[in-house]
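Chains, contacts and geometry: an overview
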Amino acid sequence: MAIHKLKEIHTATHPAKLKEVTESHQSTQKMPATKDELLSALAAEAEEENETSA
C-alpha cells in the first residue's frame, strides 16, 4: 500500500475527524419535536420508499 493512500485513509477515519463530521451532521438535522411529527415523518418516509420500489 502506498504511503499516500495510507495517509488518506488515516485522515478520513481519524477519530477527531469523525467526531467533527458527526457533530456537523447532528447540528444540521432537525429532530421531530412531538409524537405526531415523528409519526408523520415515518409515514412520509414509508410512502417515499413505496413509491421508489414500485
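The rules behind each value
Once a new chain begins, its residue numbering starts again from 1 and follows that chain's sequence as written. In keeping with the model being predicted, local features are shown solely for residues with a pLDDT of at least 70 and side-chain atom pairs are shown and tallied solely at 80 or more, while totals for entire chains, interfaces and linings include all residues. As a convention, hydrogens and water are excluded, and side-chain values are obtained from all of the structure's heavy atoms. A run of DSSP states H or I qualifies as a helix once it reaches four residues; a run of E qualifies as a strand once it reaches two. Both are numbered from the N-terminal end. Method for areas: the Shrake-Rupley scheme with a 1.4 Å probe, in which residue coverage is limited to the protein chains shown. Just to be clear on terms, a salt bridge is a Lys or Arg side-chain nitrogen sitting within 4 Å of an Asp or Glu carboxyl oxygen. Residue burial is assigned from relative accessible area. The probe radius is 1.4 Å, only protein chains are included, and a residue is buried under 20% of its type maximum, exposed over 50%, and partly exposed in between. Like-charged residues are merged into a patch within 9 Å and nonpolar side chains (Val, Leu, Ile, Met, Phe, Trp, Tyr) within 5 Å, provided each residue has over 30% relative accessible area and no salt bridge. Charged residues are defined narrowly, with Lys and Arg counted positive, Asp and Glu counted negative, and His plus the chain ends left uncounted. One atom stands in for each charge, and that atom is NZ of Lys, CZ of Arg, CG of Asp or CD of Glu. For every residue, the pLDDT score states the predictor's confidence, bounded by 0 at the bottom and 100 at the top.

**Looking at the overall build of the chain**
In terms of helices and strands, the chain carries three helices and zero strands. When the elements of the chain are put in sequence order from the N terminus, they spell out α-α-α. A total accessible area of about 5,100 Å² is found for the chain, and carbon and sulfur atoms account for 60% of it.

**Quick notes on the pattern of salt bridges**
A complete count under the given rule lists one salt bridge for this structure. One salt bridge connects Lys 5 with Glu 8, and the closest N-O pair in it is separated by 3.4 Å. Of this pair, Lys 5 and Glu 8 both sit in helix H1 (residues 3-13), separated by three residues, roughly a single helical turn. Residue classification places Lys 5 among the partly exposed positions, given a relative accessible area of 38%. For Glu 8, a relative accessible area of 46% translates into the label partly exposed.

**Some thoughts on a negative patch on the surface**
Taken together, the side chains of Glu 45, Glu 47, Glu 48, Glu 49 and Glu 51 define an acidic patch exposed on the protein surface. On the secondary structure map, Glu 49 appears in helix H3 (residues 35-53).

**A look at a nonpolar patch on the surface**
Taken together, the side chains of Leu 38, Leu 39 and Leu 42 make up a nonpolar region of the molecular surface, amounting to roughly 270 Å² of accessible area. Along the chain, Leu 42 falls in helix H3.

**Side note on the confidence of the model for the chain**
Averaged over every residue, the pLDDT of the chain is 75; the share at 70 or more is 67%. When pLDDT is averaged over each element of the chain, H3 comes out on top at 86 and helix H2 (residues 15-28) at the bottom at 62.

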